[in-house]
Each structure stands twice: as structure tokens, then as C-alpha cells.
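Descriptive analysis of the structure
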Amino acid sequence: MSQQSPESQPTEPAPPAAAAPHPVEGGGSGVTSPGTPPQQVMGPNHSRPDFPKGDPSFAPYAAMYDLMSTKRDAEPSELPPQQSRIPIDATESFPINSDAFEGKIVVIHRPPDPNGPFPYHGYMGKKRRRWELRWQGRFKRKPSSALFFGIEATQPLPELGFVAKSGVRLVLSISTRLAAARGTMLLTNYPNPDPSKNTFFTFPLVSADTCIVSDLDTPPEELPDITADKALTGKVTHDYLFDTEHIYTFCYYSMYIDFVTWDLRNLPVVSGTSLCTFTGHQPIHVIIKDQEDEYFMDVLIAHR
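The shown structure was predicted, so the numbers you read here are calculated from the model rather than taken from an experiment. (Residues numbered from 1 in each chain as written. Predicted model: local features only at pLDDT ≥ 70, side-chain atom pairs only at ≥ 80, totals over all residues. Heavy atoms only, no water.)

Attention shifts here to the packing of aromatic side chains. Here the structure, examined in full by the defined rule, presents 16 aromatic pairs. When the centroid spacing of 6.0 Å and the interplanar angle of 75° are considered together, the rings of Y240 and Y248 count as edge-to-face. Its relative accessible area of 21% is what places Y240 among the partly exposed residues. In this structure, R129 is placed above the aromatic ring of Y253, and the distance from its NZ or CZ to the ring centre is 3.4 Å. Over the ring of F200 we find K289; its NZ or CZ atom is 4.2 Å from the centre of that ring. (Phe/Tyr/Trp six-rings, centres within 6.5 Å; stacked < 30°, edge-to-face > 60°. Buried < 20%, exposed > 50% of the residue type's maximum accessible area, 1.4 Å probe, protein only. Lys NZ or Arg CZ within 6 Å of the ring centre and 35° of its normal.)

Looking now at the environment of L232. As for its position among the elements, L232 is in the loop between β9 (210-215) and β10 (246-254). Each C-alpha atom, one on L232 and one on C211, is 8.7 Å from the other, the two residues being 21 residues apart in sequence. Ignoring anything within four residues of it in the chain, the contact list for L232 reads R134, T210, P224, D225, I226 and T249. (Helix = DSSP H or I, 4+ residues; strand = E, 2+ residues; numbered from the N terminus. Contact = heavy atoms within 4.5 Å.)

Take helix α3 (residues 162-181) next. Its 20 residues place the ends of α3 29 Å apart at the C-alpha level, agreeing with the 28 Å of an ideal helix rising 1.5 Å per residue. If you check which residues of α3 are buried, you get A164, G167, V168, L172, I174 and A179. In an axial view of α3, the angular spread of the buried residues amounts to 165°, which keeps them on one side of the axis. Counted as exposed and oriented over 90 degrees from the buried face of α3: F162, V163, R169, R177, A180 and A181. Buried residues along α3 sit against β8 (199-204) and α4 (276-279). (Expected span 1.5 Å × (residues − 1). Arc of directions from axis to C-beta.)

The antiparallel open sheet is built from 7 strands, whose spatial order is β2-β1-β14-β13-β6-β8-β7. The sheet is open, and its two borders are formed by β2 (85-86) and β7 (187-188), each paired with just one other strand. With 6 bridges connecting them, strand β13 (residues 284-290) and strand β14 (residues 295-303) associate as antiparallel partners. Looking across to β14, one finds that K289 is bridged to Y295. (Pairing = 2+ DSSP bridges.)

Take the side chain of R265 next. Turning to its location among the elements, R265 is positioned in the loop between β12 (263-264) and α4. The buried category is assigned to R265, whose relative accessible area is 12%. In this structure the side chain of R265 is engaged in a polar contact, spanning 3.1 Å, whose partner is the side chain of D263. (Polar contact = N/O pair within 3.5 Å; in protein donor to acceptor, adjacent residues only side chain to side chain.)

All right, on to the pattern of salt bridges then. Scanning all chains against the criterion turns up 10 salt bridges. For D209, the salt bridge is made with R182, and the minimal N-O distance between the two is 2.6 Å. A residue pair is termed long-range when its members are at least 10 positions apart, and D209 in the loop between β8 and β9 and R182 in the loop between α3 and β7 qualify at 27 residues. Using a relative accessible area of 9% as the deciding quantity, one classes D209 as buried. With a relative accessible area of 49%, R182 lands in the partly exposed category. With a closest N to O distance of 3.3 Å, K289 and D293 form a salt bridge. What emerges from the salt-bridge pattern is a single network uniting D99, R141 and E294. (Salt bridge = Lys/Arg side-chain N within 4 Å of Asp/Glu carboxyl O.)

An order of β3-β4-β5-β10-β9 is seen for the 5 strands of this open sheet, with the pairing classed as antiparallel. Only two strands of the sheet have a single neighbouring strand rather than two, namely β3 (94-97) and β9. On average, each strand axis in the sheet is inclined to that of its neighbour by 20°, with strand direction left out of account. Relative to strand β4 (residues 101-109), β3 runs antiparallel, the two being bridged by 4 bridges. Across the sheet, residue I96 finds its bridge partner in β4, namely G103. (Axes fitted to C-alpha atoms, helices over the stretch in contact; angles between N-to-C directions.)

Let us now look at the confidence of the model for the protein. With 83% of its residues at a pLDDT of 70 or more, the protein shows a mean pLDDT of 84. Note on residues 1-5: pLDDT is under 50 here. Beyond four places in sequence and across chains, it has 1 contact. Contacts for the low-pLDDT stretch residues 8-45, under 50 throughout, to residues beyond four places or in other chains number 80 contacts. (pLDDT = per-residue confidence, 0-100.)

Listed below in C-alpha cells is the structure:
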């Protein structure tokens, strides 16, 4: 009998903290609250609520921005323009377009109120994952080398004490073992000896949790629906080379980081530890880049 994976076991999401532990630099004034949330309440059959523009209850906690459509070299204290803000738990995709990639993106995250409406409850309700990032489109510029997906900090990380360093070593050890078990690897420059370089933690994009390849002329209605309340499945080989002649559907998810409570989850010893302990009070970038540091995606996650 096969053993059920830890990620698929049911669990109740933890309620959010009463307030964010620390504001992001400049984060308070740059995030505006959307309108009044829909009054529809999740019934016992968990019928899907309609959040075409995303769940507004995330406004006091976190915001995500597409930096590829704006200036990537903005001052650290500035949030991107509001029109680049990506809705969370939207039932409609958000368009993304740059000189490197064009397509659309959907961000799924467990809501701040674990008992509130959640349009992806049918899919996420029995899983331990905290979030799922889905995007679909085509590369407008052919990558010159292998692509990598992960997180990046653009400001120097704080000096860590003994306990925090031990926590980082534990997280890296677990991440390395999990990657190896899936036939991939973790690439990082931590501890970063060069303060002029961004600190990154990445995996090869070919090892994405989902990667579906479609012909460029595939009708839109026949492409995978990234807003569907169900799993998207598909893989490519580890030697696959991405090109400009196909439409790609990607999915990454994690049960180890929560961007509402801004802490680690489902890890021994360090669960509940604030991300600020390791990164300081700065946003996190979710990126795709090649070995020459050419960027193909850059999503900024700002915590208030």
C-alpha cells in the first residue's frame, strides 16, 4: 500500500496574526484596500464564491506586484504602481506582459479568515499547501541557457544569531533533501559574500510542480484553465529547453511558507518563525531567470 504524502493530508489552516509583525519599508501607504468584500458565504457544500478581482480580505496582510511590467530598479522603499498589483484568489486571470514573457497569472492562497469564502476550497481544502502560483503564456525571448525559478532578496540579509543560523541550515537541509528526492536540486548563493549581488534560492524551472507544453496555435478554450478549482498536471523532461514556439502552463506550490502570516509552516523546530528573522524587513521577489541573470518573471510580494 502506498503511503499518503504529508502534503495531501487534511489540516486546518492557522488563523492569521492579529497584525503584521513589521511593515515592509514603504509598504503602508502603497497598498490600498479594495472595495467591500462580497457577502456570499461558503455553504456546507462549499459552492464556489465569485471573486473575479480577487479576495479583498488580503489587503491588510500582503500584496503581489508584477515588476516585469514596471521598473525593476525602483527604490526599495517604493511599491510598484497599483495597476501592476496581482489579485489573490481571483477567479479571473491577471494579464502579464513584458519583453520576455506574455501571458496570464493566477495566485491561490489560503485566505486570512480560514472560515471565510474561498473560491479554491474544492481543490485546496484537503491539502496542506499554503499557496499555489499558476501562470500561462509564451516566452517572447528565447532563453540562452537553463531557467531557474525561486525567491530572491534584493537587499542584504541581516546578521543572524546562532538560533537563526541553525534554522536556516535546517531549512536548507530539508529543501535539499526534498529536491533530491524529486530528482532536482536547490541552487543558492547563501550565505551571500557579495552585498552587491541578490541572494537567491532557486530550482530548475523544468522541475516545476506542473509544466504543460501546448502548441502555439492551440485555441484558448483548449488550453489548461489556470483558474480551475482542480489540479493541473503535466511534466517535462529534465533536459527540456524552453523556446518561443510553444505556450507553457506552469504551477508551483508550497506548504512551507505562508505569505499572510509571513512565517514558516509545517517544518520541525522553525514552524511559526517570521520570515523577517531571515530576510529582514524587505519584500520577497519570486523570479524566473537564466544563468546570465536575465529575468523572465519578477513578482514582488510585499507584507504590510
